[in-house]
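Listed below are the residues making up each chain.
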Amino acid sequence: MNWNSLLLMRFELGLLFIVLAILIFEIFASKKQKGSIIPFALILFTIHTIVGFLPLEDGSLFGGMFRTNPLLYYFKNVLNVGVLIVLLQSADWLKEKVVQQNKATEFILLLLASLLGMYYMISAGDFLMFYLGLELATLPVAALVAYETSKRESAEAGVKYILSSALASGTALFGISFLYATTGSLYFDAIATTLTASNLSVLGFILFFSGLAFKISLAPFHFWTADVYEGAPINVASYLSVISKGAAVVILVILLFTVLKPLLPFWSKIIYIVAIATMTIGNLFALRQQNMKRFLAFSSVAQAGFILLGMLSVDGLGLATVLFFVTVYIFSNLGAFGVVQAISAVSGKENIDDYEGLYRTNPKLSLLMMLALFSLAGIPPLAGFFGKFFLYAAAASKGYYVLVFIAVVNATISLYYYLLVIRAMFLRKNQDAIPHFNSNFYMKLGLVLSAIGILVAGLYSPLYEYVFTISTNFLN
Amino acid sequence: MDILTLFVIVPLVTVFVLVFAKNLKQVRIISLVGMAIQFAMSINLIFAYLKERAVNKDIMVFTQDYTWFKSFNIHYAIGVDAISVVMIALTAIVVLAGVFISWKVDDLPKEFFITLIILSAGVFGFFISLDLFTLFVFYEIAVIPMYLLIGIWGSGPKEFSAMKLTLMLMAASALLSVGIFGIYFNSNADGGALTFNILEIAQVNIPVAAQNLFFPFVFIGFAVIGALFPFHTWSPSGHASAPTAVSMLHAGVLMKLGGYGVFRIAMYLLPQGALNWTDFFLVLATIGVIYGAFGAIMQKDLKYINAYASVSHLSLVLFSLLMLNKTAWSGAIIQSLSHGLLTALFFALIGMVYGRTHTRDIAKLGGIMKTLPFIGAVYVITGLAYLGLPGFSGFVAEMNVFVGAFEHADLFRRILTIIVVSSIVVTAVYILRMVGKIMMGPLVNEEHATLPKATWYEKTGLVLLMIPVVIIGTMPYGLSEMIKESIAPFLERLL
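All figures in this text were calculated on a predicted structure; none of them were measured in a lab.

Some words on the interface of chain B and chain A
Thinking step 1. In this assembly, 25 residues from chain B lie in contact with 24 residues from chain A.
Thinking step 2. Where the side of chain B that touches chain A is concerned, the elements lending two or more residues are strand S1 (61-69), helix H5 (132-143), helix H6 (145-153) and helix H7 (158-185) of chain B.
Thinking step 3. With 12 residues, H7(B) is the single largest residue contributor to the side of chain B that touches chain A.
Thinking step 4. Residue composition of the side of chain B that touches chain A, by class: 17 nonpolar, five polar and three charged.

Overview of the pairing of strand S2 (residues 74-80) of chain B
Residues and elements named next belong to chain B.
Thinking step 1. Most of S2 sits inside the fold, with six of its seven residues counted as buried.
Thinking step 2. As judged from the six bridges shared by S1 and S2, these two strands associate in the antiparallel manner. Residue pairing for S2: Val 61 is matched across the bridge by Val 80.
Thinking step 3. Between S1 and S2, which pair antiparallel one after the other, the connecting turn spans four residues, and Asn 73 there sits at a positive phi close to 60°.

A word on the confidence of the model for chain B
All names here are of chain B.
Thinking step 1. Looking at chain B, the pLDDT average stands at 88 and 100% of residues meet or exceed 70.
Thinking step 2. Looking across chain B, the model is least confident in helix H20 (residues 476-494), with a mean pLDDT of 85, and most confident in H5, with 92.
Thinking step 3. Scoring the predicted complex yields pTM 0.93 and, for the interface, ipTM 0.91.

Focus: the packing of helix H3 (residues 70-98) of chain A against helix H18 (residues 441-459) of chain A
Residue and element names in this part refer to chain A.
Thinking step 1. At a minimum axis separation of 7 Å, H3 and H18 run at an interaxial angle of 150°. Here H3 lies roughly antiparallel to H18, going by the angle between them. Viewed along their axes, H3 and H18 form a crossing whose handedness is left-handed. Contacts between H3 and H18 involve Ile 85, Leu 88, Gln 89, Ala 91 and Asp 92 on the former and, on the latter, Tyr 442, Met 443, Leu 445, Gly 446, Leu 449 and Ser 450.
Thinking step 2. Considered class by class, the residues forming the contact of H3 with H18 number seven nonpolar, three polar and one charged.

Thresholds applied
Residues numbered from 1 in each chain as written. Chains lettered and ligands numbered in written order. Predicted model: local features only at pLDDT ≥ 70, side-chain atom pairs only at ≥ 80, totals over all residues. Contact = placed C-beta atoms within 7 Å. Helix = DSSP H or I, 4+ residues; strand = E, 2+ residues; numbered from the N terminus. Nonpolar A, V, L, I, M, F, W, Y, C, P; charged D, E, K, R; others polar. Buried ≥ 20, exposed ≤ 12 C-beta atoms within 10 Å, placed from the backbone. Pairing = 2+ DSSP bridges. pLDDT = per-residue confidence, 0-100. Axes fitted to C-alpha atoms, helices over the stretch in contact; angles between N-to-C directions. Parallel < 35°, antiparallel > 145°, perpendicular 65-115°, else oblique. Left-handed = near helix turned anticlockwise from the far one by under 90°.

And the structure:
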């Protein structure tokens, strides 16, 4: 084996190095130095993120179990940026609440371990590697969800997450075993050539899809979402809603377009129905939420429904629009969660009513929240508009006009509840509005990064064109 | 920088500078300077256009084309014909007048002017776009700021009105987006590449089935903002709750996006669909004209009267667009302009009266001509122009509309035309009654015997709007000549 070929795993090895470095730091750091774990981890991870943008070759390792190509690097970079923002937004909370309990290191370790799992999951070349990655991505998150041990809701959310997550993984694994039974192989390439539509393979697909649908919180597998988001620490909820969901969406779309393509006539119907159900159910539940975390949870369920529109166009266009939407969605949602996090850290308030009159005391935060929500609602010229418009275009290109129509109606409904938050912040006047406050440097940096993403990712067309090129090349 | 892109750049620069404004005075001066530049540019554009038109016979002039999203064939493509030029001039006038009228805004003034100017940037961008995608982007940029403008600075049930207006208009734009996809994915029907470019699509024969399917999407998508019955309900409550300058801009300019879009996109790009659907939408437009007029009669609140009158007059625009002939079309465009100016005048005047008397109820107003001679005089003139007195723009517009409508000899159109013509009488009733009661009648409230006179900025705003009303009314020839040339391509495509 050529040692140079291990460079293909640069992302994974780099992250592993960081995890080990943090562990060693933890062992040798004195009690006083424990607080500096946060800047230490942030600097390492920032370097890792920047290194990720260096060019890398295509290739596969371990007899095809692990593969890399520009599309996968691109998405790993997106995940890196997303996790970096999550870490920046968590820094304050870690310093104030977690360092005293001597648990800051574990938080960062678990988060990065989960990210490592996602790397392996999307880089997988066979179902075995995929499953290992999936589990590595899920299990640390369960611990993170239950991180605020002093809060009952957090523990409850942790149990809910681990139970339903285990069930979902089990279901997916069951489905994989059926697919193995029909094709006799676990390798994606081999399955793609031998898979045919039979009762057994379709059943295998349904089980497998259900497992992933849980991770993406598609209806009817979305029930855990709101409870877990509400109970989990805010940064963990934001990690779940963007990073975890984004990675699952990307691996799903890759598998559907390559390995499971022989079942296209079948799965396109399922995607069609699930898309409608997810959008509508997510929207209708989001309408009545008061708690911002639950609100964003249902909004993220609805967003997942929109993503499915892109999957109906089984070509470079579909893949590109899904990938692009996930990218802009990560920035938009992190912007919204970041503001919730900043406000909650200072005042402990998380309800929409508490935000009344916020613009007059904290104009910058309110503006960022407005940008993020408008981007989620798909208002130009923010990134979310381009993301959604292109998803619709992907579905319309295959003649799914009815579905596009249902989607745009849903987008209008979603605008209503996003406007409710904006109404509270901008329209209402309130004597006891949350007073003016300044966030610390890390939080500001995290918020500014997401704001830049929201403003630039759509208008700057070369980004989409790049995604389109790598997607087309990937499928050829 | 080309002459058209500046229309988007100047507002954006103004907004950028406004962000750094420190006090109310600076905010006013920056907004005024920015919009005055915009106004000067629009006057310049009219002359530049006439000069260019003499040598350039293309459908659109001053065209520029930059690729934006290559894989979708989305371009930043701009260009103007006479219709867009006059609409741009209208917008510039109304926005500048709106800045004058909003001189007194004191709650979050910086945010008010920033939002107002962003809205205007959207409108300008809309009128210069030749690409469906950029046009759609600018359209939504023009609509969304209304939520904040009405919600923060409005009055009455402002939260409700703002939400209703925004949701109805965004639902319409959702329909529109489906229509745009329908056009885009059929734009290769003749074997070319998929395109969003309006001029290129106009060369393509989109299959008739697709045209019939997508025409109503595009038509309703635009016509909702043009107050098509029964989708007009956002308009009265929205106008009544909006602050003065926003009502002016909204009724004066934003609602014109509807007629413009119907004409330029729905009818021009889907001609077969237009021919098949005209009868249905003609009936709706006729109902709108009559319904709006009777609605205005029934109202007691000045703003509601004007809002319903706008529904009536804008339905008239749609009506004459659907009449599908040269005279009616130029009537529709002149009516758009005329209504834009007059309704902006009305809302400005109502704002001034309300600012002084704190009521918009007709019953509580009367005889304020004596106390407010300038405002009163302009009010009377505006009212007369509105009901179509010769010498003002309203007459020229309605003349063209009805002459065009009567050109059709078939019974169906005859009947509709007669119904619509009768709305002139109804219009006269509510305008004369309103003006007579509040201006001429006996003094109702003793407190109204002494009211502050019109200030310099109010007068400037009113005069600014009044001048083009008189120009169009007395010298309509130049305008209709200018428009006629640009209508020719539509005639070719549709008839």
